[in-house]
Amino acid sequence: MGEICVHCGEDCGKHPILLQNKPFCCNGCKAVYQLLNKNNLYTYYDIENNPGIKVELNDFDDKYAYLDKNEIKEKLYEFKEGDMAKVTLFIPVIHCASCVWLLENLNTLNKGISSSMVNFVKKEVSVTFNEKEISLRQLVELLESIHYIPHITLEKKNEHDRRKEESKNLLKKIGVAGFAFGNTMLLSFPEYIQGSFGLEHKYKFLFGILNLLFAIPVISYSGNDYIKSAFKNLFKKIINIDLPVAIGMLAIFLESAYEILSHSGSGYMDSLTGFVFFLLIGKWYQNKTYRALSFERDYKSYFPIAVTVLENGKEDSILLENLRSGQKVLIRNLELIPADSTLLKGEAYIDYSFVTGESQPVKKNIGDVIYAGGRQVGEALELKVTTEVLQSKLTKLWNQDNKDEIKEKDLSSVVDNISKYFTIIVLSTAFITAITWLFINPKIALLSFTAVLIVACPCALALSVPFSFGTTMGVFGKNGFYLKKTNVVEKLSNVDTVVFDKTGTITKSDGLEVKYFGEELSEEDLSLIKSVTRQSTHPMSSAVYEHLKKYSSKEIKDFRELPARGVIGIFEDKKIKAGSYEFIYNKENGKAKQTSVFVSINEKPKGYFTIENKYREGLEDIIYNLSKNYELHLISGDTDSEKENLLKLFKNENKLNFNKSPLEKLEYIKSLKANGKNVMMIGDGLNDAGALSEANVGISVADDIYHFSPACDAILEAEKFKYLNKFIKFTKTSVNIVKLSFSISFVYNIVGLYFAVTGQLSPIIAAILMPASSISVVAFVSFAIIMLSKRKKYKF
């Protein structure tokens, strides 16, 4: 064997192609290596050894010319706005961490690519790119040049049909294996009868040949998925859980075929067919069980977004799931566009950074289409919903990981490391067992070897985390606490510091008492103030707007909202401003006695609205209970008018921070993390988006209209705020259940291995126990969490 190719790991033969003293099997692999190194993508080769796929250089000619046609592009694009487009491509050859790393760094290979994100399970990559710099055709050609060839089809099967087809194929394989198992058992039955009832030699050989014929379709059809998966991964130098099963199958089949054909024995074809049959039955039942127990992976039923609908001149808030095509919606400054819509009224500047990563707002005109996921920057808009509302589309965007965060060592990474070495340990144990039994009792060496390979399985271990945290996520979702991803459960359990925002977080945003002090305002002035505060979603703007709701609305132009300062808008020749004292008077504020919104018209201060702060129900109990185990902080952009009241709750004056800008909030979180704190930030997602994103866990508190913030890790319904401490405490229970399930899984494997190694376990029983262990662990974690959540101390 010659040298191994640095890129793909294949044999280079007698005459390798050399570059910088590194061997390559072909010019294609060398070209990809040069391309990656030219763009400083060395890490691709550091994550996995020989991670690439053998490359054959292609002259593309017109292979992908059809991708230049607009009608084809329209079918493939998920999003298109100006020069920016987004497409998701299926790439079957994605197989390791290096693949993921390279495909998520495509922007280094071509500057026209803004971002790319891999879904490893579905083997898909979503790419956002600038058509002026790289076309769809050039993008696909780039992927093929590094041998990640997309499988492009314009017809997509829905998930239900695909699952139905997979289930049908599995049942066919079970049918073949079951038929063969029944017949091989019947033909092998005389072998188990002792004494004079034994078979004559000629019948023994005939029955053996028939058993062999029954076993061939079992090994080549029913069990081929295990064999193909194992050896494809082995070829790529990846050892997966299918390898022991495949080795066990082939060992029994080859040994039995040898015994039958050489007239030296009857073989174990009944054990082989029974083993495959029960393995497939277990797989089928596993799939059924997982679907019954599994949480909704796109969180459709848990994800809370409400929208303001306009009907007969009135505004009404409804849940997104109830929004229908043709309805009119009101979108305020910084609110998310919930569905593809047409602009009816207002000056639209849409920020698509949530979709594409590009933060430059795009101007839209009346009649233009605005895509779901965009965010309005400026005055309130009236839109008409034009397409079916796909809540999962927004959820998918929320789940995009745009944070540049250091990968934390969590339970999932521990499981990954265990699983990586688990198979190697099992294979070593199996070979040692076989060798040992060859010296003691050769007759059971093969069966013990196979039983060891089959009975030991890390599946139960690997499934504990997603099902435990997924079920927790489901329980929380049904009780008004919506998590972005399952790993947020573990992050919450590790928190040691809690930082609260004030306005709209620990204080209520609705039902507030508002009073006006200052120069008398005309009805037109009040209408103007109402109209400018209507554009904003900030709790204080909303409070003033609700107070003035009876007055008529004016069409505000040139609206702007300055974070932590206020709002500004123009009506005819009047300039209306509402916000902080500093914003209106351009100087520092004295000691304010109450939370206030100051107003001016044409730069002339008119007066101010005072807003009585009402703390959320149960705040005193929350602060008291959390203070026992966590370090508590408060950070607010508001004045210290509530300092005395808050000091009674938080006790420590040094932990109360007022008059902080959004940037100062962000820096405060950074300083806590720099001191080794595990920080949870709770805010409203408006002026504290940066701080929410920086915290280890960011929670956005949502009132009647859910102000969706992409920066947050979780959304907590305001009325469930009083249960915050219970939610955090339950995450610790969930983590403990995972650890307990780990122990159960380890005990199962140790006990199973003991019986297999000592020759007391047949491959058929091992095949039954293997899926049973996974099902039992998954059922245990799921039902344990559901039952514990119903206990009185966790009653949400």
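Residues numbered from 1 in each chain as written. Predicted model: local features only at pLDDT ≥ 70, side-chain atom pairs only at ≥ 80, totals over all residues. Heavy atoms only, no water.

Engineer: Explain the overall build of the chain here, please?
Structural biologist: On a plain count of helices and strands, the chain comes out with 26 helices and 28 strands. A burial count over the chain gives 52% of its 796 residues as buried. Partitioning the intrachain contacts of the chain with sequence separation of at least 6 by distance along the chain shows that 67% fall at a separation of at least 24. A total of about 37,600 Å² of accessible surface is found on the chain, and carbon and sulfur atoms cover 53% of it. (Helix = DSSP H or I, 4+ residues; strand = E, 2+ residues; numbered from the N terminus. Buried < 20%, exposed > 50% of the residue type's maximum accessible area, 1.4 Å probe, protein only. Contact = heavy atoms within 4.5 Å. Areas by Shrake-Rupley, 256 points an atom, 1.4 Å probe, with all protein chains shown as cover.)

Engineer: Can you help me understand the pairing of strand 10 (residues 341-345) in this one?
Structural biologist: On any regular strand, side chains alternate: one points to one face of the sheet, the next to the other face. Both strand 10 and strand 13 (residues 369-370) contribute to a ladder of two bridges, which runs antiparallel. Along strand 13, the bridge assignment pairs Thr342 with Val369. Sheet analysis places strand 10 next to strand 15 (residues 381-385), joined by four bridges and oriented antiparallel. Bridge pairing links Ser341 to Val385 in strand 15. (Pairing = 2+ DSSP bridges.)

Engineer: How do you make sense of the pattern of salt bridges when you look at a structure like this?
Structural biologist: It is possible for side chains of opposite charge to pair when their charged atoms get near one another. Across all of its chains, the model carries 21 salt bridges by this definition. Measuring nitrogen to oxygen at the nearest pair gives 3.9 Å for the salt bridge that ties Asp83 to Lys132. Here Lys132 lies in the loop between strand 6 (124-130) and helix 6 (136-145) and Asp83 lies in the loop between strand 3 (77-81) and strand 4 (84-90), a separation of 49 residues in the sequence. Since its relative accessible area comes to 32%, Asp83 is described here as partly exposed. Here Asp225 ties to Lys173 by a salt bridge, and the two come within 2.8 Å at their closest N and O atoms. Taken together, the positions of Asp225 in helix 9 (residues 224-235) and Lys173 in helix 7 (residues 159-188) put the pair 52 residues apart, joining distant regions of the chain. Residue class for Asp225 comes out partly exposed when judged on its relative accessible area of 34%. The network of salt bridges with common partners includes Asp68, Arg137 and Glu141. (Salt bridge = Lys/Arg side-chain N within 4 Å of Asp/Glu carboxyl O.)

Engineer: Hey, could you run me through the packing of aromatic side chains in this one?
Structural biologist: How two aromatic rings sit relative to each other is set out by the distance from centre to centre and by the angle between their planes. Scanning the entire structure with this criterion turns up 20 aromatic pairs. Relative to Phe481, the ring of Phe476 lies with its centre 5.5 Å away and its plane at 35 degrees, an arrangement referred to as tilted. Here Phe476 and Phe481 have matching classes, each one buried. Ring plane angle 45 degrees and centroid distance 4.8 Å describe the contact between Phe481 and Phe727, whose orientation is recorded as tilted. Placement of Phe481 in strand 16 (residues 481-483) and of Phe727 in helix 25 (residues 724-757) is noted, with a sequence separation of 246 residues between them. Across the pair, Phe727 and Phe481 agree in class, each one buried. Ring pairs connect the aromatic residues Phe517, Tyr581, Tyr585, Phe598 and Tyr608, which therefore count as one cluster. Geometry around Tyr221 places Lys173 over its ring, the cationic atom sitting 5.6 Å from the centre. Over the face of the ring belonging to Phe583 we find Lys577, whose NZ or CZ atom lies 4.6 Å from the ring centre. (Phe/Tyr/Trp six-rings, centres within 6.5 Å; stacked < 30°, edge-to-face > 60°. Lys NZ or Arg CZ within 6 Å of the ring centre and 35° of its normal.)

Engineer: Could you clarify how one ought to interpret the sheet that holds strand 28 (residues 714-717) in this entry?
Structural biologist: Strands in a sheet are paired, the pairing made by backbone hydrogen bonds, and the direction either parallel or antiparallel. Spatial ordering of the open sheet is given by 16-28-27-26-17-24-25, a layout of seven strands whose pairing is mixed. Only two strands of the sheet have a single partner each, and these edge strands are strand 16 and strand 25 (656-657). Two elements, strand 17 (residues 497-500) and strand 24 (residues 631-635), share four bridges in a ladder whose sense is parallel. In the sheet register, Phe500 faces strand 24, and the bridge partner there is Leu634.

Engineer: What am I meant to see in the pairing of strand 6 here?
Structural biologist: Among the seven residues of strand 6, six are classified as buried, and the element is accordingly described as predominantly covered. In this sheet, strand 6 lies alongside strand 4 in antiparallel orientation, the contact comprising seven bridges. Of the residues in strand 6, the one forming a bridge with Phe90 is Glu124. Taken together, the six bridges between strand 5 (residues 113-119) and strand 6 define a ladder with antiparallel strand orientation. Residue pairing in the sheet places Asn119 in a bridge with Glu124 of strand 6.

Engineer: Explanation requested: the environment of Leu753 in the structure shown.
Structural biologist: Here Leu753 lies in helix 25. Its relative accessible area of 21% is what places Leu753 among the partly exposed residues. Placed 301 residues apart in sequence, Leu753 and Val452 show a C-alpha to C-alpha distance of 6.0 Å. Residue contacts for Leu753: discarding those within four places in its chain leaves Val452, Val455 and Ala456.

Engineer: Explanation requested: the sheet that holds strand 4 in the structure shown.
Structural biologist: As summarised here, the arrangement of the four strands in space is 3-4-6-5, forming an open sheet in which the pairing is antiparallel. The open sheet has two free edges, formed respectively by strand 3 and strand 5, since each of these has just one partner strand. Each strand axis lies, on average, 15 degrees off the axis of its neighbour in the sheet, ignoring direction. Strand direction decides the pairing type here: strand 3 and strand 4, joined by four bridges, are antiparallel. Directly across from Lys80, in strand 4, lies its bridge partner Ala85. Of the strands in this sheet, strand 3, strand 4, strand 5 and strand 6 are in contact with helix 6, which crosses strand 4 at around 40 degrees. (Axes fitted to C-alpha atoms, helices over the stretch in contact; angles between N-to-C directions.)

Engineer: Any chance you could explain the confidence of the model for the chain here in plain terms?
Structural biologist: Should the pLDDT be low somewhere, the predicted coordinates at that spot are not to be read in detail. Across the chain, the average pLDDT comes to 78, with 77% of residues at or above 70. Predicted confidence in the chain is weakest over helix 2 (residues 43-47), with a mean pLDDT of 49, and strongest over strand 17, with 93. pLDDT under 50 marks residues 46-58. Its contacts with residues more than four places away, or in other chains, come to 50 contacts. Taken as a whole, residues 401-407 scores under 50 in pLDDT and shows eight contacts with residues more than four places along the chain or in a different chain. (pLDDT = per-residue confidence, 0-100.)

Engineer: Where do I start with the side chain of Lys364 in this structure?
Structural biologist: Take Lys364: it is sitting in strand 12 (residues 362-364). There is a polar contact of 3.3 Å between the side chain of Lys364 and the backbone oxygen of Val369. Lys364 has contacts with Glu81, Leu343, Ala348, Ile350, Tyr352, Val369 and Ile370, leaving out every residue within four places of it along the chain. (Polar contact = N/O pair within 3.5 Å; in protein donor to acceptor, adjacent residues only side chain to side chain.)

Engineer: Explanation requested: the environment of Lys484 in the structure shown.
Structural biologist: Note that Lys484 resides in the loop between strand 16 and helix 17 (487-493). Relative accessible area serves as the criterion here: at 5%, Lys484 is assigned to the buried category. Once the C-alpha coordinates of Lys484 and Ala714 are considered, the two residues, 230 residues apart in sequence, prove to be 5.5 Å apart.

Engineer: How should the packing of helix 21 (residues 619-627) against helix 25 be read in this particular structure?
Structural biologist: What describes two packed helices is the angle between their axes and the distance between those same axes. The contact between helix 21 and helix 25 brings their axes to 9 Å, and the two run at 35 degrees. Contact residues: Ile622, Asn625 and Leu626 in helix 21; Leu724, Asn725 and Ile728 in helix 25. Tallied by class, residues from the contact of helix 21 with helix 25 come to four nonpolar, two polar and no charged. (Nonpolar A, V, L, I, M, F, W, Y, C, P; charged D, E, K, R; others polar.)

Engineer: When you look at the nonpolar core in this model, what are you seeing that I'm missing?
Structural biologist: A general feature of soluble globular proteins is that nonpolar side chains tend to end up buried together. Met249, Met269, Leu272, Phe275, Val276 and Phe449 are the most contacted members of the largest nonpolar core, which totals 49 residues. A per-element tally of this core places helix 10 (residues 242-261) first, with ten residues. The contacts of Met269, once residues within four sequence positions are left out, are Thr184, Asn211, Leu212, Ala215, Phe253, Ser256, Ala257 and Ile260. If you look at the next biggest cluster of nonpolar residues, it comprises 48 residues, including Val498, Ile506, Tyr630 and Leu632. (Core = buried A, V, L, I, M, F, W, Y, C linked by side-chain atoms within 4.5 Å.)

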